[in-house]
Amino acid sequence: VPLGRGSGVGGRKLALAAVALQDHIIRSDPKLQSLCLPDYACCGPHRAQQPTVRHTHTEHRPGDEREYVLDPAPPPLTLAQRLGLVAAPRRLTAVEWTGIKSRSLQEGDSVHPCVICREEFRLQPQVLLSCSHVFHKTCLEAFECFSGRKCCPMCRREQYETRLIHDGARLYREKCTVRIQACWRGYAARKWYRNVRKRLPPNDPCLRRQFFEAKFQELNDNLVQSCAPSDVEEFLRDIDRSIASSRDIFRHFDRSRSSISEMDEEHWLQAQYKAIQRDVRDCPICLTPLSATGVRCTQARPLLLLSCSHLFHTTCLQAFERFCLDSEPTCPLCRCSYTTRTNPPTRLKFTSE
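Along each chain, residues carry numbers from 1 onward, in the same order as the chain's sequence is written. Totals for whole chains, interfaces and linings use all residues, but because this is a predicted model, local features are given only for residues with pLDDT of at least 70 and pairs of side-chain atoms are given and counted only at 80 or more. Working from all heavy atoms in the structure, the side-chain values ignore hydrogens and water.

In the nomenclature of an unreviewed UniProt entry, the chain corresponds to RING-type domain-containing protein from the organism Electrophorus electricus.

Spelled out as structure tokens, the structure:
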């Protein structure tokens with residue numbers, strides 16, 4: 001800039017400010033750099049900085065959860081920025097990044113899907129912008145590549161800084177842990193319920209019947225499998241023999257009972273003769289006289305003659321049978337099964353003392 005005659009210190013300062021502003025404008029606008037001299041971008045230490053859309057600080061490794069700023073170091077300050085004519089770019093501090101991250105967590109940006117691809121963050125690297133918006137790292141790079149400028153896809157803010165974070169990956173791990181725990185708890189509960197169903201029968205009659213049928217079928221299958229193939233026939237023959245012997249025992253028991261219940265007149269006469277010979281005067285249960293004669297007896301009471309030749313009052317024996325705990329009452333004296341006969345044909349005579 002030519003300085004006129006008589007220009008003083010103020011003129012020189014004005015000329016320096018004009019040169020500094022012109023240099024800053026040329027360095028900031030790529031189009032103006034192409035119009036300048038070819039060697040302008042390569043001359044001296046103050047060569048023009050080629051604008052770059054995005055640079056990565058370092059390659060992200062799986063499992064590495066360090067948080068760091070992805071933007072490269074800012075270019076050297078221009079003369080206008082040094083003179084204070086243009087505001088110099090300032091990097092955010094760690095405290096400011098903490099506030100931005102807390103605001104992003106309050107808004108739940110890491111919980112919701114990525115705004116660009118509409119997919120969950122999962123374990124993919126995500127970036128936090130200085131405007132507190134969160135995106136996939138690859139999605140933001142693709143957006144900046146196709147748009148040709150650096151601006152936030154949400155708020156359209158330009159000249160932002162980016163920081164690599166792992167909030168989405170941490171939330172995804174917690175979500176997967178909860179799902180795995182729920183799956184394991186469901187498996188343990190179903191296994192416990194199946195074991196309970198195997199041991200306890202249901203209350204419904206149909207299901208209860210099916211439960212016992214399945215149990216018996218399982219026992220039968222285990223029994224057949226436990227026997228060798230050559231011993232199955234012998235085992236079945238043993239079962240048939242045991243069943244036949246059991247039937248013989250029951251048949252003999254039925255015959256003995258029928259013989260007791262079907263006593264003929266001769267047997268009853270013999271039982272009555274034994275009772276007379278025994279000369280029992282008192283009822284063994286109530287200990288009162290059996291005969292109608294006597295000082296202590298004022299009224300005749302019916303008698304019962306048992307097949308074992310023992311005599312009792314009818315009411316006494318009936319009361320004994322009611323209070324007997326056995327399913328089939330036995331004689332109170334000899335503990336034998338019996339049949340009774342009321343009003344014997346031959347009168348029992350007792351000798352008076």
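Our focus in this paragraph is the nonpolar core. By convention a nonpolar core is built from buried Ala, Val, Leu, Ile, Met, Phe, Trp, Tyr and Cys residues, the set being connected through side-chain atoms within 4.5 Å. Burial status follows relative accessibility: with a 1.4 Å probe on protein chains alone, a residue under 20% of its type maximum counts as buried, one over 50% as exposed, and anything between as partly exposed. The biggest cluster of nonpolar side chains holds 19 residues, and the ones touching the most others in it are Val127, Leu128, Leu129, Phe135 and Leu140. In terms of residues, this core owes the most to one element, strand 2 (residues 126-129), which gives three residues. Contacts of Leu129, omitting those with residues within four sequence positions, involve Trp97, Ile100, Phe135, Leu140, Cys152, Tyr160, Glu161 and Thr162. Within the second largest apolar cluster, 15 residues are counted, among which are Trp268, Leu303, Leu317 and Cys331. Only DSSP runs of H or I reaching four residues or more are called helices, and only runs of E reaching two or more are called strands; each is numbered from the N terminus. The criterion used for residue contact is that any of the two residues' heavy atoms lie within 4.5 Å.

Here the focus is the sheet that holds strand 2. When DSSP locates at least two bridges between a pair of strands, those strands are taken to pair. An order of 1-4-2-3 is seen for the four strands of this open sheet, with the pairing classed as antiparallel. Each having just a single partner strand, strand 1 (68-69) and strand 3 (134-136) make up the two edges of the open sheet. Where strand 2 and strand 4 (residues 162-165) come together, four bridges link them in antiparallel fashion. Looking at the pairing, Val127 lines up with Leu164 of strand 4. For helices, the axis comes from a line fit to the C-alpha atoms of the stretch in contact; other axes are also lines fit to C-alpha atoms, and the angle between any two N-to-C directions lies between 0 and 180 degrees. Contacting strand 2, strand 3 and strand 4, helix 5 (residues 137-147) runs over the sheet at an angle of about 90° to strand 3.

Looking now at the pattern of salt bridges. One side chain can pair with another of opposite charge once the charged atoms of both are near each other. Salt bridges are defined as contacts in which a side-chain nitrogen from Lys or Arg sits within 4 Å of a carboxyl oxygen from Asp or Glu. Counted according to the given criterion, the structure contains eight salt bridges. A salt bridge links Asp167 to Lys101; the shortest N-O distance between them is 3.5 Å. You can see Asp167 sitting in helix 6 (residues 167-199) and its partner Lys101 sitting in helix 4 (residues 94-107), a full 66 residues away along the chain. You can call Asp167 buried: its relative accessible area is 3%. With its nearest N and O atoms 4.0 Å apart, the salt bridge here joins Glu120 to Arg122. Note on Glu120: relative accessible area 38%, which makes it partly exposed. Since its relative accessible area comes to 47%, Arg122 is described here as partly exposed. Via salt bridges that share partners, Lys101, Asp167 and Arg170 belong to a single interconnected network.

Here the focus is the packing of aromatic side chains. Pairs were defined over the aromatic rings of Phe, Tyr and Trp, the Trp ring being its six-membered one, requiring ring centres within 6.5 Å. Orientation was assigned from the angle between planes: stacked under 30 degrees, edge-to-face over 60, tilted for the rest. Under the criterion given, the structure shown has two aromatic pairs. Here the aromatic rings of Trp184 and Tyr187 are separated by 5.4 Å at their centres, their planes lie at 35°, and the arrangement is tilted. One end of the pair, Trp184, and the other, Tyr187, are both in helix 6, three residues apart, so they sit about a helical turn from each other. Classification of Trp184 as exposed rests on a relative accessible area of 57%. Between Phe211 and Phe212 the ring centres are 5.3 Å apart and the planes differ by 80°, which places this aromatic pair in the edge-to-face class. Using a relative accessible area of 14% as the deciding quantity, one classes Phe211 as buried.

Moving on, we come to the state of the cysteines. Cysteine sulfurs are considered disulfide-paired once they come within 2.5 Å of each other. Under the defined criterion, the tally for this structure stands at zero disulfides. Between Cys114, a cysteine without a disulfide, and Cys117, which holds the nearest cysteine sulfur, the sulfur-to-sulfur distance is 3.9 Å. Classification of Cys114 as buried rests on a relative accessible area of 0%. We note that Cys131 lacks a disulfide partner, and the nearest cysteine sulfur, in Cys152, lies 3.5 Å from it.

Another aspect to go through is a nonpolar patch on the surface. Patch construction takes residues with relative accessible area above 30% that form no salt bridge. Like charges are linked within 9 Å, and nonpolar side chains (Val, Leu, Ile, Met, Phe, Trp, Tyr) are linked within 5 Å. Residue exposure ignores everything except the shown protein chains as possible cover, and the areas themselves are Shrake-Rupley values with a 1.4 Å probe. On the surface, a nonpolar cluster with roughly 490 Å² of combined accessible area is contributed by Leu16, Leu21, Ile25, Leu79, Leu83 and Leu85. Secondary structure elements with two or more residues in the nonpolar patch: helix 1 (9-28) and helix 3 (79-83). With three residues, helix 1 is the largest single contributor of residues to the nonpolar patch. Its location among the elements puts Leu85 in the loop between helix 3 and helix 4. The exposure class assigned to Leu85 is partly exposed, which follows from its relative accessible area of 41%.

Moving on to helix 6. For a helix, the expected span equals 1.5 Å multiplied by the number of residues minus one. Here helix 6 spans 48 Å end to end across 33 residues, near enough to the 48 Å set by a 1.5 Å rise per residue. Considered for burial, the residues of helix 6 that qualify are Asp167, Gly168, Ala169, Gly186 and Val196. Buried residues belonging to helix 6 abut helix 4, strand 2 and strand 4.

A cluster of like positive charges, contributed by Arg190, Lys191, Arg194, Lys198 and Lys215, occupies part of the molecular surface. A per-element tally of the positive patch places helix 6 first, with four residues. Its place among the elements puts Arg194 in helix 6. Judged by relative accessible area, which is 43%, Arg194 ranks as partly exposed. His residues and chain termini do not enter the charge count, which takes Lys and Arg as positive and Asp and Glu as negative. One atom stands in for each charge, and that atom is NZ of Lys, CZ of Arg, CG of Asp or CD of Glu.

What follows covers the sheet that holds strand 7 (residues 340-342). Taken together, three strands build an open sheet; the order of strands is 6-5-7 and the sheet is antiparallel. This sheet does not close on itself; its edge strands, each paired only once, are strand 6 (311-313) and strand 7. Adjacent strand axes in the sheet meet at a mean angle of 35° when their direction is disregarded. Across three bridges, the pairing between strand 5 (residues 303-306) and strand 6 is antiparallel. Across the sheet, the residue bridging to Leu303 is His313, located in strand 6. In the packing of helix 9 (residues 265-278) onto the sheet, the strands contacted are strand 5, strand 6 and strand 7, and the crossing angle to strand 5 comes to about 110°. Lying over the sheet, helix 10 (residues 314-323) contacts strand 5, strand 6 and strand 7, oriented at roughly 90° with respect to strand 6.

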